[in-house]
Amino acid sequence: MRNINKIVLLIFSIIIFSCSNNGKPSPRAIHLNDKAMEILMENGDMSEEQIDEGLRLLDEATTIEPDYQLAYWNKMSFLFKKKDYNRLLETNQEVQRLMKEPEPYLLVQKGMIYEIKGDSSKSKLLYKKGIALYDSIISVDTSKGFDYKVLYLDVLTMANQGERAKKEFEKLKIKFPEKEFIEHFELRSKEQLLEEKTDY
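Moving on, we come to the overall build of the protein. Within the protein, the secondary structure is distributed over ten helices and zero strands. Element order for the protein, N to C, with α for helix and β for strand: α-α-α-α-α-α-α-α-α-α. For the protein, the residues scored as buried account for 49% of the 200 residues in total. For the protein, the proportion of contacts with a sequence separation of at least 24, taken over those separated by at least 6, is 66%.

Right, here's the structure in full:
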């Protein structure tokens, strides 16, 4: 199940950053990013050494290409595992700065970081802003696909709107019956989502 959700997030990140990167990164930076993602995707439980190696690869990639948004995005997965929340907030902010358009998942992710840190007031505000931005984007851009809307379910769950998430999930199953893994996808609780960020 965790692998399914990893794949959804990976596909989503590729989609949004393929449209937003400021020019194609150098082959060396792409190679470093890809090597880091191999570590993430091939290891269910990463060791501290693997986490550090992934971060080293991505740090090198962003040193070579300071505007490489996808590498910054992927870096956050390793920082969640390392529980380096201060650096996570900095990296989240860097990705937002580089995006050409506001990305609601980044607001929600920032809210998750603050929730893990114990700051519920900031997390609630960010969840609220994230949902409002998701709703405005989806209502205007009907081309937003399955992967984008699957992450929207997590956003609703994090904002304590579990019942609404269930209804949206039922709509997805009707709208995207061709998606084979939707039969195996399950809505996760807020506790599960927070745990998955630090325990793949």
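Having seen the structure, we can now continue with the description.
As a further point, take unusual backbone geometry. Leave glycine aside and you will find that most residues have negative phi; peptide bonds, for their part, are mostly trans. Despite not being glycine, K83 shows a phi value in the positive range, around 65°. Tracing the backbone shows K83 in the loop between α4 (69-82) and α5 (85-98). The class for K83 is partly exposed, based on a relative accessible area of 47%.

In an α-helix there are 3.6 residues to a turn, and that puts residues three or four apart on one side. With 14 residues, α5 should cover 20 Å at 1.5 Å per step; its first-to-last C-alpha distance of 20 Å lies within 8% of that length. Of all the residues in α5, the buried ones are Y85, L88, L89, T91, N92, V95 and L98.

It is worth spelling out the packing of helix α3 (residues 48-64) against α4 at this point. Remark: α3 packs on α4, axes separated minimally by 9 Å, with the N-to-C direction vectors making an angle of 155°. With respect to α4, the axis of α3 lies roughly antiparallel. Read as a crossing pair, α3 and α4 show a hand that is left-handed. Together, E48, Q50, I51, D52, G54, L55, L58, D59, A61 and T62 of α3 and A71, Y72, N74, K75, F78, L79, K81 and K82 of α4 make up the contact between the two elements. For the contact of α3 with α4, the residue count by class is eight nonpolar, four polar and six charged.

All told, the structure shown has two aromatic pairs when counted by the stated rule. Centre to centre, the rings of Y134 and Y152 are 5.2 Å apart; their planes meet at 40°, and the pair counts as tilted. One end of the pair, Y134, is in helix α7 (residues 120-140); the other, Y152, is in helix α8 (residues 146-158), with 18 residues separating them in the sequence. When its relative accessible area of 4% is taken as the criterion, Y152 is described as buried.

For the pair helix α6 (residues 104-117) and α7, the least separation of the axes is 8 Å and the interaxial angle reads 165°. The angle between the axes of α6 and α7 places the two elements in the roughly antiparallel class. In the crossing of α6 with α7, the sense of the turn from one axis to the other is left-handed. For the pair α6 and α7, contact is made by P104, Y105, L107, V108, K110, G111, M112, Y114 and E115 and by K122, S123, L126, Y127, K129, G130, L133, Y134 and I137, respectively.

Note on soluble globular proteins: their nonpolar side chains tend to be buried together. In terms of nonpolar packing, the biggest core is built from 50 residues, with F78, L88, V95 and Y134 touching the most fellow members. For this core, the secondary-structure elements that each account for two or more residues are α2 (27-42), α3, α4, α5, α6, α7, α8 and α10 (190-198). Here this core gets eight residues from one element, more than from any other, and that element is α4. Excluding residues that lie within four positions of it along the chain, L88 makes contacts with M76, L79, F80 and I113. One finds V150, L153, F169 and L172 within the second-largest nonpolar core, a separate group that totals seven residues.

A few words now on the confidence of the model for the protein. Averaged over every residue, the pLDDT of the protein is 84; residues scoring 70 or more account for 83%. Ranking the helices and strands of the protein by mean pLDDT puts α3 first, with 97, and helix α1 (residues 2-18) last, with 49. Note on residues 1-5: pLDDT under 50 across the span, and 13 contacts to partners over four residues away in sequence or across chains.

Below, the discussion takes up the pattern of salt bridges. Applying the stated criterion to the full structure yields 15 salt bridges. Taking the shortest distance from any N to any O, the salt bridge between D52 and K82 comes out at 2.7 Å. Of this pair, D52 sits in helix α3 while K82 sits in helix α4, and the two are 30 residues apart along the sequence. By relative accessible area, D52 is classed as partly exposed at 34%. The salt bridge partner of E168 is K171, with a shortest N-O separation of 3.5 Å. Here E168 pairs with K171, and both are found in helix α9 (residues 162-175), just three residues apart, close to one helical turn. Overlapping salt bridges, with partners in common, bring together R28, E53, R56 and E60 in one network.

What counts as what
Residues numbered from 1 in each chain as written. Predicted model: local features only at pLDDT ≥ 70, side-chain atom pairs only at ≥ 80, totals over all residues. Heavy atoms only, no water. Helix = DSSP H or I, 4+ residues; strand = E, 2+ residues; numbered from the N terminus. Buried < 20%, exposed > 50% of the residue type's maximum accessible area, 1.4 Å probe, protein only. Contact = heavy atoms within 4.5 Å. Expected span 1.5 Å × (residues − 1). Axes fitted to C-alpha atoms, helices over the stretch in contact; angles between N-to-C directions. Parallel < 35°, antiparallel > 145°, perpendicular 65-115°, else oblique. Left-handed = near helix turned anticlockwise from the far one by under 90°. Nonpolar A, V, L, I, M, F, W, Y, C, P; charged D, E, K, R; others polar. Phe/Tyr/Trp six-rings, centres within 6.5 Å; stacked < 30°, edge-to-face > 60°. Core = buried A, V, L, I, M, F, W, Y, C linked by side-chain atoms within 4.5 Å. pLDDT = per-residue confidence, 0-100. Salt bridge = Lys/Arg side-chain N within 4 Å of Asp/Glu carboxyl O.

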